[in-house]
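The residues making up each chain are set out below.
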Amino acid sequence: MLKLFITGIVLGILAAAGVLYAYPAVDQHREPSLLKVAPNGGTTELFHINLPDDRIMSRSPGQSASVPESLVWPADERFASAQFGVYKLRNESDVVVGLAARAAASEQSGALVEWVLHLPARGSQFVSMQTQPPASGVRSGVLRAGSREFDNRDGSVTVRWVAGVAGEQNAPDGRIELKTSYIGKRSGSE
Amino acid sequence: MKRIVPLVLGFLVGVALFAFGLTHNPFLAKREASPISVSDNAVTSLSFDSVAARSVFLTNNGKSRMVPNPKDAQRLWEAPVRLSQVMLTVLNDAPGQPAGLGLKFSSRSEKTRLLYGEALVDSVWYVYLPGRGSLFIDQTENYWGFINDIVIPAYKNSANSWKGSWFGDLTIAPGARGAARVTGGSGALQGSELAAVESLSVTAYSADIGPVVAEGRLLIKKQAD
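This report concerns the structure included in the present document.

Conventions and cut-offs
Residues numbered from 1 in each chain as written. Chains lettered and ligands numbered in written order. Predicted model: local features only at pLDDT ≥ 70, side-chain atom pairs only at ≥ 80, totals over all residues. Heavy atoms only, no water. Contact = heavy atoms within 4.5 Å. Buried area = accessible area lost by both parts, 1.4 Å probe. Salt bridge = Lys/Arg side-chain N within 4 Å of Asp/Glu carboxyl O. Helix = DSSP H or I, 4+ residues; strand = E, 2+ residues; numbered from the N terminus. Polar contact = N/O pair within 3.5 Å; in protein donor to acceptor, adjacent residues only side chain to side chain. Buried < 20%, exposed > 50% of the residue type's maximum accessible area, 1.4 Å probe, protein only. Pairing = 2+ DSSP bridges. Core = buried A, V, L, I, M, F, W, Y, C linked by side-chain atoms within 4.5 Å.

Notes on the interface of chain A and chain B
Logical step 1: Counting from both sides, the interface comprises 62 residues of chain A and, opposite them, 62 residues of chain B.
Logical step 2: Regarding the contact of chain A and chain B, the summed buried area is about 5,400 Å², with carbon and sulfur atoms giving 72% of it.
Logical step 3: In this structure, the connection of chain A to chain B is made through 4 salt bridges.
Logical step 4: Among the salt bridges present, the one from A:Arg148 reaches B:Asp122, with a minimum N-O distance of 3.3 Å.

As structure tokens, this is what we get:
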């Protein structure tokens, strides 16, 4: 009886250790990466944000109402001109694959337009955009930094607004399209 | 039947013994303070309230202990983002005055290995400092010490809470000496390559709503010599 009990203890310890060793405590859901090979080398990937559905948070100085409506913006006047938006990010198949944030500030506090794309199973990208809106309507930027899959990547990003069309169910207001181009590894990296 | 009962009982005791050993192993994740925390070369130190209700904005899948703020914030329920959280908070400088806004995306890491005392979170910060520019911070955090020292004792407590004084560095990678990598985005900080460590100081925690009194800190320094 005692031998069986002790055997059970050993088995219990081994089983618990084995389960913790073999079974992943975290298993992020992955959608296939829809990468395309660019004609001049490198790869491109297209993401988009359907509005208004994918807008999680939004606040800008000229906006009559924030999202969510009960958002309380900090009172400090230095943050008054800052624009922040957080969105769900979709791939070409219209499936949510991550999150995106856009920050913008006016000339008085140092002009900037920047994006952070966060794809939980893959990594994050930090992108600095042109601060002046171009006549073409397509704003371009550079990939400044990245993590994990996007670590040490050289690349660029273009962002454009595509107005919604009547009868469009997924994005009645329109959508923001982000096209990322990864050219290669940054010089000096492995 | 006679043989199965002691075997099953022993098995359950074995599992319990293993759990006890894992959570009381002094060699797991007892990390010294990061060298970055104790070196000079300081660029800036930014503190923030780590309590969900005092953030500007916080959302997750809605099932986490950290309750979304405001309450009507859209939840992250889709499978690829379900293990993620986004928080926007005011960052204060050393005298405690608002210095900027910090947006943090964090996702549970697939590199988590509880057997080795690693409860990992991959996170990035976007830091906006008006008049100075912006920073991007990329890091992996280990919450094992926090879970072991605060969360588990809070669950064991009959009041479902923990009170005390806990301080720990969370950042463990990917930069040199276990620091986070910091990249300057715009303004005076553009092009700068820095290092950072995020730490957490907790004095009250509730098993129901998460941190009750807690302050985070981002210590940003020049690259370690």
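A look at the side chain of A:Arg90
All names here are of chain A.
Logical step 1: Considering the arrangement of structural elements, one finds Arg-90 in strand E4 (residues 83-90).
Logical step 2: A distance of 2.7 Å separates polar atoms of two side chains, one belonging to Arg-90 and the other to Asp-54.
Logical step 3: Not counting residues within four places of it along the chain, the set of residues in contact with Arg-90 comprises Leu-46, Phe-47, His-48, Asn-50, Asp-54, Val-95, Val-96 and Val-97.

Here we look at the environment of A:Glu107
Logical step 1: Looking at the element boundaries, A:Glu107 is found in the loop between strand E5 (96-105) and strand E6 (112-119).
Logical step 2: A sequence separation of 24 residues divides A:Glu107 from A:Thr131, and the C-alpha atoms of the two residues are 9.3 Å apart.

Some points on unusual backbone geometry
Logical step 1: Following A:Val67, the chain continues into A:Pro68 via a peptide bond in cis, with omega recorded as -5°.
Logical step 2: Within the secondary structure, A:Pro68 sits in the loop between strand E3 (55-59) and E4.
Logical step 3: Of the consecutive residues B:Asn69 and B:Pro70, the connecting peptide bond is found in the cis state with omega at -5°.
Logical step 4: Of note, B:Pro70 is situated in the loop between strand E2 (57-59) and strand E3 (84-92).

Quick word on the pairing of E6(A)
Residues and elements named next belong to chain A.
Logical step 1: In terms of burial, E6 is a largely internal element, 8 of the 8 residues being buried.
Logical step 2: Side chains of E6 alternate between two faces, with Leu-112, Glu-114, Val-116 and His-118 and Val-113, Trp-115, Leu-117 and Leu-119 buried alike.
Logical step 3: When E5 meets E6, the two strands line up antiparallel, connected through 7 bridges. Residue pairing in the sheet places Ala-105 in a bridge with Leu-112 of E6.
Logical step 4: Relative to strand E7 (residues 123-129), E6 runs antiparallel, the two being bridged by 6 bridges. Bridging across to E7, His-118 finds its partner in Ser-124.

Here's the deal with the nonpolar core
Logical step 1: Ranked by internal contacts, the top residues of the largest apolar core, which has 31 residues, are A:Trp73, A:Phe84, B:Leu88, B:Leu103, B:Phe105 and B:Tyr126.
Logical step 2: Among the secondary structure elements, those contributing two or more residues to this core are E3, E4, E5 and E6 of chain A together with E3, strand E4 (98-108) and strand E5 (120-129) of chain B.
Logical step 3: If one sorts the elements of this core by residue count, E5(A) sits on top with 5 residues.
Logical step 4: Residues in contact with B:Leu103, not counting those within four places in the same chain, are A:Phe84, A:Val86, A:Ala101, B:Val86, B:Met87, B:Leu88, B:Val124, B:Trp125 and B:Tyr126.

Quick notes on the pattern of salt bridges
Pairs can form between side chains of opposite charge once their charged atoms are near each other.
Residues and elements named next belong to chain A.
Logical step 1: Evaluation of the coordinates by the stated rule reveals 15 salt bridges over all chains.
Logical step 2: The closest approach of N and O atoms between Asp-54 and Arg-90, which form a salt bridge, is 2.7 Å. Separated by 36 residues along the polypeptide, Asp-54 in the loop between strand E2 (43-51) and E3 and Arg-90 in strand E4 bring together distant segments of the chain.
Logical step 3: Judged by relative accessible area, which is 14%, Arg-90 ranks as buried.
Logical step 4: With a closest N to O distance of 3.1 Å, Arg-175 and Glu-177 form a salt bridge.

The values are spatial; any link to function lies outside them.
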